[in-house]
Amino acid sequence: MPAENDAPVAGNLDDDDYPAYTMGRAADVLGTTPAFLRAVGEAGLITPLRSEGGHRRYSRHQLRIAARARELVDQGTPVEAACRIISLENQLEDALRLNREMRRKLEEHGADT
């Protein structure tokens with residue numbers, strides 16, 4: 001009998017972070033090799049979950065990140081540099097989002113005074 005907090009597997013398939021893809025399937029979806037997925041993992045760009053047997057499992061969110069890395073690699077960027085670029089892109093996106101939130105709060109505060 002499953003634990004109360006365990007969601008049914010079918011319900012997890014809509015979850016972008018659910019590790020539904022084996023390494024082989026993820027490589028097929030991306031049109032790349034398992035070695036590429038290992039390389040982006042070793043560079044720290046994505047960290048796949050491990051099954052009880054120790055096999056890597058990837059989520060759709062991780063596949064999108066790996067697909068972006070593949071785009072850069074296909075353009076001639078080394079894997080390590082592609083991973084760093086994506087990390088910096090993510091940091092910039094976070095900073096811009098935070099900036100927008102702060103500006104909105106300042107505008108709201110200015111309207112209150």
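These numbers come from a predicted model, not from an experiment.

*Asks:* Now, about the sheet that holds strand β1 (residues 21-22): what can you tell me, with residues and values included?
*Replies:* What the three strands build is an open sheet, ordered β1-β3-β2; its pairing is antiparallel. Only two strands of the sheet have a single partner each, and these edge strands are β1 and β2 (49-50). Note that β2 and strand β3 (residues 56-58) share two bridges and pair antiparallel. Paired with L49 across the bridge in β3 is R57.

*Asks:* Just give me the short version of the environment of G41, but keep the residues and values in it.
*Replies:* Within the secondary structure, G41 sits in helix α3 (residues 34-42). A residue is classified by how much of its surface remains accessible, and G41, at 27% relative accessible area, is partly exposed. The spatial distance from the C-alpha of G41 to the C-alpha of C83 is 9.4 Å, given a sequence separation of 42 residues.

*Asks:* So what's going on with the environment of E71? Which residues, and what values?
*Replies:* Here E71 lies in helix α4 (residues 60-74). Relative accessible area serves as the criterion here: at 43%, E71 is assigned to the partly exposed category. Note: C-alpha distance between E71 and A82 (11 residues apart in sequence) is 8.8 Å.

*Asks:* Outline the environment of Q62, supporting the account with residue identities and numerical values.
*Replies:* Its place among the elements puts Q62 in helix α4. Take Q62: its relative accessible area is 12%, and that puts it in the buried class. Sequence separation between Q62 and A26 is 36 residues, and the spatial gap between their C-alpha atoms is 9.5 Å. With residues near it in sequence (within four places) discarded, Q62 still touches I46, T47, P48 and R57.

*Asks:* Hey, could you go over helix α2 (residues 23-30) for me, with residue numbers and the actual values?
*Replies:* For α2, the full list of buried residues reads M23, A26, A27 and L30. Seen from one end, α2 has its buried residues packed into an arc of 100 degrees, which puts them on one side. As for α2, its buried residues are in contact with β1, α3, β3 and α4. The first or second residue beyond α2 is G31, which carries a positive phi of 70 degrees.

*Asks:* Please set out α4 residue by residue, giving values where relevant.
*Replies:* A rise of 1.5 Å per residue sets the reference length of α4, with its 15 residues, at 21 Å; its end C-alpha atoms lie 20 Å apart and thus fit the reference within 8%. Regarding α4, the residues found buried are Q62, L63, I65, A66, A69 and L72. Just downstream of α4 lies G76, where phi reads positive at about 105 degrees.

*Asks:* Now, about the packing of α2 against α4: what can you tell me, with residues and values included?
*Replies:* One can describe the packing of α2 onto α4 by two numbers: an axis separation of 10 Å at closest approach and a directional angle of 50 degrees. Here α2 is positioned oblique relative to α4, judged by the angle of their axes. In this structure, α2 crosses over α4, and the sense of that crossing is right-handed. In this structure, α2 uses A26, V29 and L30 to contact α4, whose residues at the interface are L63, A66, A67 and R70. Of the residues assigned to the contact of α2 with α4, the class counts are six nonpolar, no polar and one charged.

Parameters and conventions
Residues numbered from 1 in each chain as written. Predicted model: local features only at pLDDT ≥ 70, side-chain atom pairs only at ≥ 80, totals over all residues. Heavy atoms only, no water. Pairing = 2+ DSSP bridges. Helix = DSSP H or I, 4+ residues; strand = E, 2+ residues; numbered from the N terminus. Buried < 20%, exposed > 50% of the residue type's maximum accessible area, 1.4 Å probe, protein only. Contact = heavy atoms within 4.5 Å. Arc of directions from axis to C-beta. Expected span 1.5 Å × (residues − 1). Axes fitted to C-alpha atoms, helices over the stretch in contact; angles between N-to-C directions. Parallel < 35°, antiparallel > 145°, perpendicular 65-115°, else oblique. Left-handed = near helix turned anticlockwise from the far one by under 90°. Nonpolar A, V, L, I, M, F, W, Y, C, P; charged D, E, K, R; others polar.

Keep in mind that these numbers describe shape and distance, not what the molecule does.
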